[in-house]
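A structural walkthrough
Here is what each chain is made of, one letter per residue.
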Amino acid sequence: MKAKAFDTGLFKRILKYTKPYKWRYYGVIIFAVSLSVFAALRPYLLKQTVDGYIKTHDKEGLLLYIILMGAVLLMEVFSQFYFVYWANWLGQDIVKDIRTKLFKHILSFRMKYFDLVPVGQLVTRSVSDIESIARIFSQGLFMIISDLMKMLVVLIFMFYMNWKLTWIVVVAMPILVYITRIFQRKMQVAFEEVRTQIANMNSFVQERVTGMKIVQLFNREKIEAENFRVINDKHRVAWIKTILYNSIFFPIADIISSITLGLVVVFGGFKILNGDHFTTFGDLFSYTMFIGMLFNPLRQIADKFNEMQLGMIAANRVFDVIDTQDHIQDTGTLEAPVFDGSIEFKQIRFSYIPEEEVIKGIDLSVASGQTVAIVGSTGAGKSTIINLLNRFYEINSGSIYIDGQNIENYTLASLRKQIAVVLQDVFLFADTIYNNITLYNPEITREQVLDAAKKIGVHDFIMSLPDNYDFDVKERGVMLSSGQRQLIAFLRSYVSNPSILILDEATSSIDTYSEELIQRATETITKGRTSIIIAHRLATIVNADKIVVMDKGLIVEQGTHQELLTKTDGYYKNLYDSQFSVAN
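On a predicted model such as this, the values are computed, not experimentally measured, just so you know. (Residues numbered from 1 in each chain as written. Predicted model: local features only at pLDDT ≥ 70, side-chain atom pairs only at ≥ 80, totals over all residues. Heavy atoms only, no water.)

Strand pairing in a sheet is mediated by backbone hydrogen bonds. Such pairs are either parallel or antiparallel. The strand order β6-β7-β8-β3-β9-β10 describes an open sheet built from 6 strands, whose pairing is mixed. Strands at the two margins of the open sheet, each flanked by one partner only, are β6 (419-422) and β10 (554-559). For this sheet, the mean angle separating the axes of adjacent strands, direction not counted, is 20 degrees. Packing of helix α11 (residues 382-389) onto the sheet brings it into contact with β3 (371-376), β6, β7 (500-504), β8 (530-534) and β9 (546-551), and relative to β8 it is tilted by some 145 degrees. (Pairing = 2+ DSSP bridges. Helix = DSSP H or I, 4+ residues; strand = E, 2+ residues; numbered from the N terminus. Axes fitted to C-alpha atoms, helices over the stretch in contact; angles between N-to-C directions. Contact = heavy atoms within 4.5 Å.)

Here is the structure:
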């Protein structure tokens, strides 16, 4: 994609975020103007000092002007402080608002979005790209405004003092402007590539660190190190291109500035030697300062445009996420009550990828308070059923009813509040056990947590840990075993007091002791509520009220454990016999 030199529409969109802080925004501009005036006053006062007091040996006048220049310098420093401080403060407030909006938007995405977008990319958008937007205000926009104002005021003073010398400077300026423009366009493209490589590196590192156990188990250290070397090299090449452009531009800008200063001194010097009273020694002294004030900002504007471009590129990527409308349609108007728990799937069809159905027109009924187990081979569509019931994905066709009401008529939040899920791969946050159980729900008290833990038999296990319920489980719960994490997940579901409980292969990868605790927990939390158990180990679901057998997106058998075992050459019977023959 060809990068625009400057996207006006995007820039206007960013500026809209300054509205809540308009007085600070105007304050920064006012200080930018005052900074320009005070900066340009110093060379002018220097000219007056040289021509009016040094040449005439007026000590009192010289002292007065020295004091005056000191006062102007103090005002310039004062303006510079508030200009920089308020510009950075404004930038941080703006990115705080954008980051909050971005994160809330990400929270509302449906699961399909996270299936397709790397986590590292979203981390880059939420952290480093957001900080780049802050630099639009702290290092870009206002700095450019300040520099342009300073250049304008300096030119006004220069023309007022000596228009002949000023024209020499003005003639040289378009050359530097032209070179700056070329540089800015090249840097735009280069920085686009830099941001792309940073996002790629973040995604790669995040994924490998998360999956470090697999990397080491399969001895992939050398392979992944080589893969990282390739990505890191692309990142280095992208940055080297920006370094090359900087290395070319700044020496050229210095040469132009030095030549211009030399021409002013030579031309002005000859004028003075030839008796031209229009040009004075004070002009030459002040112009050495004026040229620096005029050319340095012009040269540095390229740098500040770089910061602007980095921020604009980052903003474009952030707004791409914000503008993405990949949500489950939350058009329901009903607040889900405490359900009786009857569930009905009617002619459900669904596909993760278009034209590749994983659920192929199934019908399934679950009575209120019933425990239903769903079994089948990997990829049969068992977990997909659960995702559809929670409305993590939109179905292609058909309808799902709870207590006779289409689930699309309920608000998403109220629907999911009545359904609790215990997954095979339990996710725990880097926090205490208590906070992982309550998830900061103010409606759940500590007494409720302790009472629930005792009922399902996990209280003793938690009390055996250092700090008990305040034990920090660290990132993803690494301080606990998989069985212990499952027990925390059971307790988390139980205290939420759901109408419908779903166990998604919750006992497939745990030790025997943990399984005994989980079986006890399962009996407790499924009592009196509709429960759906997705199971791989058939021994855990023999007492289910109904067992549903799925294969390739279809329901091939239904019945109790005993009923299904009586079917000669039945799918469930063959699956059961194969598991227990292996066990024996």
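Attention shifts here to the side chain of Gln 418. With respect to the element layout, Gln 418 can be found in the loop between α12 (412-417) and β6. The buried category is assigned to Gln 418, whose relative accessible area is 9%. Within the local environment of Gln 418, its side chain forms a polar contact with the side chain of Ser 499, the two groups lying 2.5 Å apart. Beyond its immediate stretch of four places on either side in the chain, Gln 418 contacts Ala 336, Pro 337, Val 338, Phe 339, Pro 498, Ser 499 and Ile 500. (Buried < 20%, exposed > 50% of the residue type's maximum accessible area, 1.4 Å probe, protein only. Polar contact = N/O pair within 3.5 Å; in protein donor to acceptor, adjacent residues only side chain to side chain.)

As a rule of thumb, non-glycine residues mostly have phi less than zero, and peptide bonds are mostly trans rather than cis. The residue Gln 347 is not glycine, and still its phi comes out positive at about 50 degrees. Following the sequence through the fold, Gln 347 ends up in strand β1 (residues 343-350). Its relative accessible area of 42% is what places Gln 347 among the partly exposed residues. With a phi angle near 55 degrees, Lys 552 is a residue other than glycine that sits in the positive phi range. Along the polypeptide, Lys 552 turns up in the loop between β9 and β10. Exposure remark for Lys 552: the relative accessible area of 61% places this residue in the exposed category.

The contact between helix α2 (residues 22-54) and helix α6 (residues 128-161) brings their axes to 9 Å, and the two run at 30 degrees. Between α2 and α6 the crossing geometry is right-handed. Here the residues of the contact of α2 with α6 sort into 18 nonpolar, 2 polar and 2 charged. (Left-handed = near helix turned anticlockwise from the far one by under 90°. Nonpolar A, V, L, I, M, F, W, Y, C, P; charged D, E, K, R; others polar.)

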